[in-house]
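Below, each chain spelled out in residue letters.
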Amino acid sequence: MKKVKIHYISILLTVFLGLMAPDTNSLYAADGWSLFSSLQFSRGNYTFESSTSTYYFYGGIRYRTPRWNLSATMPVIVQNSDLVTSTGGGFLPSGGHGNEGSGGSHHGGGMGGMGMSSFMATGLGDLYLYGEYGLLPEQAALPYVSASLKLKIPTAATGNNFGSGEFDYGLGMVLRKSVNMYIGFLDLGYWILGDPPGVNYKDPFTIGAGVGRFFGYGRYGLMFYFGSYSNILPEFESNRQISLGVNYRLHPGLIFTVITGAGLSETSPDFLFSGGMEWAL
């Protein structure tokens, strides 16, 4: 059964914009305030027979210094089912956890003659806050090391399963090493997930690894990334995905990013595509 998993777009953009750089800052937007936005599309079965299509329209703001950065982001969501819930940066089956007929209030009697295409829900998603602080600078034989904190504030409506309705907390660490125009990094994390009524999530560990290559004196970047979560729900396998990203620095204050991804486990979309930009104020 080929079904797949994905991180929400703000994590992907944080990884791609915040970690890829031939030196520490040349692919970042300028220090100070910046705005970023993105559009993401994903589709998957998430253990169900019917597929779910989701559109995320993200907007956010970031403040960056050479040592640390803070950001906040929130999406508008358009989705054609309520069979999945976003939590801890990813999607999980909701409702009956595998029983399509018990998905949510919109599917109490199953899909029947209504059909997935006749249901489209729109609303705000959860607010995510992110902070990263550099612990050790990159040196000749040592990698750059940073620590991060993530907070999900449950602003999403629970009626359409756009969110769990609970706070989530994340801790992370990144190791990054560049060699000429190549860069490699390791991303480690841990999520403390809030449990919605009737559900008991396991708090997952996360691991990601990537390699990037730069072109045009650092103006263009290409990155391959693999990410995985440990098991969150006992009845489902752990989450895994791969993604490929490209960015283009039009000038020091404007960066364009395109990311495509596919998953390797059952509780994830089969396909992901996102495009976004960040510009300095």
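Summarised in this report is the structure supplied together with it. (Residues numbered from 1 in each chain as written. Predicted model: local features only at pLDDT ≥ 70, side-chain atom pairs only at ≥ 80, totals over all residues. Heavy atoms only, no water.)

### Some details on the pairing of strand β8 (residues 144-153)
The following threshold applies: Pairing between strands is defined by DSSP: at least two bridges between them are needed. By definition, any uninterrupted DSSP run of H or I lasting at least four residues is a helix, any uninterrupted run of E lasting at least two residues is a strand, and each is numbered from the N terminus.
Pairing of strand β7 (residues 127-136) with β8, which is carried by nine bridges, proceeds in the antiparallel orientation. From the neighbouring strand, Glu132 faces β8, where its bridge partner is Ser148.

### A short note on the nonpolar core
This is how the line gets drawn: Buried residues of nine kinds, namely Ala, Val, Leu, Ile, Met, Phe, Trp, Tyr and Cys, make up a nonpolar core once their side-chain atoms join them within 4.5 Å. Note on classification: 1.4 Å probe, protein chains only; a residue is buried when its accessible area is under 20% of the maximum for its type, exposed when over 50%, partly exposed between these limits.
Membership of the largest hydrophobic core is limited to 10 residues, which are Leu92, Tyr128, Trp191, Leu193, Val199, Tyr201, Tyr229, Ile232, Leu233 and Phe236. Counting six residues, the second largest nonpolar core, distinct from the first, contains Tyr56, Ile77, Ala121 and Ala156.

### What to know about the pattern of salt bridges
Formally: One side-chain nitrogen of Lys or Arg within 4 Å of one carboxyl oxygen of Asp or Glu is enough to make a salt bridge.
Evaluation of the coordinates by the stated rule reveals five salt bridges. Two residues, Glu278 and Arg62, come together in a salt bridge whose shortest N-O distance is 3.0 Å. Of this pair, Glu278 sits in strand β15 (residues 271-280) while Arg62 sits in strand β2 (residues 52-64), placing them 216 residues apart in sequence. The pair formed by Glu278 and Arg62 is uniform in burial state, with each residue classed as buried. A salt bridge links Lys152 to Asp168; its shortest N-O distance comes to 3.1 Å. Here Lys152, found in strand β8, pairs with Asp168, found in strand β9 (residues 168-179); they are 16 residues apart in sequence, far enough to count as distant. Here Lys152 falls in the buried class, since its relative accessible area comes to 0%. Shared partners join several salt bridges into a network, and the residues in it are Arg62, Arg64 and Glu278.

### Some details on the pairing of β9
Burial of the side chains of β9 is restricted to one face: Asp168, Gly170, Gly172, Val174, Arg176 and Ser178 are buried, whereas none of Tyr169, Leu171, Met173, Leu175, Lys177 and Val179 on the reverse face is. As judged from the nine bridges shared by β8 and β9, these two strands associate in the antiparallel manner. The residue bridging Lys152 from the neighbouring strand is Asp168, located in β9. By the bridge criterion, 12 bridges tie β9 to strand β10 (residues 182-193) in an arrangement that is antiparallel. By the bridge assignment, Arg176 is partnered in β10 with Phe185.

### Some remarks on the side chain of Asn69
To keep it simple, the criterion reads: Contacts: residue pairs with any heavy atoms within 4.5 Å of one another.
The topology assignment puts Asn69 in strand β3 (residues 68-79). Contact partners of Asn69, with chain neighbours within four places excluded, come to Arg62, Tyr63, Arg64, Tyr130, Gly131 and Glu132.

### Here we look at unusual backbone geometry
The backbone of Asn161 sits at a positive phi, close to 60 degrees, despite the residue not being glycine. Inspection of the secondary structure assignment puts Asn161 in the loop between β8 and β9. Its identity as a non-glycine residue notwithstanding, Tyr217 has a phi of 60 degrees, on the positive side.

### Topic: a nonpolar patch on the surface
As a reminder of what qualifies: Patches were defined on residues exceeding 30% relative accessible area and lacking a salt bridge, with like-charge contacts within 9 Å and nonpolar side-chain contacts (Val, Leu, Ile, Met, Phe, Trp, Tyr) within 5 Å. Only the protein chains shown count as cover for residues, and the accessible areas themselves come from Shrake-Rupley with a 1.4 Å probe.
A contiguous nonpolar patch, built from Trp68, Leu70, Tyr133, Leu135, Leu136, Met173, Leu186, Leu188 and Ile207 and spanning about 750 Å² of accessible area, is present on the exposed surface. Listing elements by their share of the nonpolar patch, those giving two or more residues are β3, β7 and β10. The leading source of residues in the nonpolar patch is β7, at three residues. Following the sequence through the fold, Leu188 ends up in strand β10.

### As for the side chain of Ser164
Our working rule: By the criterion applied in these results, polar contacts are pairs of N or O atoms within 3.5 Å in which, for protein atoms, one can donate a hydrogen and the other can accept it, and in which residues neighboring in sequence qualify only through two side-chain atoms.
Locating Ser164 in the fold gives a position in the loop between β8 and β9. You can call Ser164 buried: its relative accessible area is 7%. A polar contact is formed between the side chain of Ser164 and the side chain of Lys152, at a distance of 3.0 Å.

### Some points on the packing of aromatic side chains
Rule in force here: Planes of paired rings set the category: under 30 degrees apart is stacked, over 60 is edge-to-face and the rest tilted, where pairs are Phe, Tyr or Trp rings (Trp by its six-membered ring) whose centres lie within 6.5 Å. We call a charge positioned above a ring when the Lys NZ or Arg CZ atom is no farther than 6 Å from the ring centre and deviates by at most 35 degrees from the ring normal.
Counted under the stated rule, the structure contains eight aromatic pairs. Here Tyr63 and Trp68 contribute two aromatic rings whose centre-to-centre distance is 5.6 Å and whose plane-to-plane angle is 40 degrees, an arrangement assigned as tilted. Take Trp68: its relative accessible area is 31%, and that puts it in the partly exposed class. Ring centres of Phe185 and Tyr225 lie 5.9 Å apart, and the angle between their planes is 25 degrees; on these two criteria the pair is classed as stacked. Of this pair, Phe185 sits in strand β10 while Tyr225 sits in strand β12 (residues 220-229), placing them 40 residues apart in sequence. Exposure class is identical for Phe185 and Tyr225. Each is buried. We note Arg62 situated over the ring of Phe36; from NZ or CZ to the ring centre the distance is 4.6 Å. Cation over ring: Arg213 sits above Tyr182, and NZ or CZ is 4.8 Å from the ring centre.

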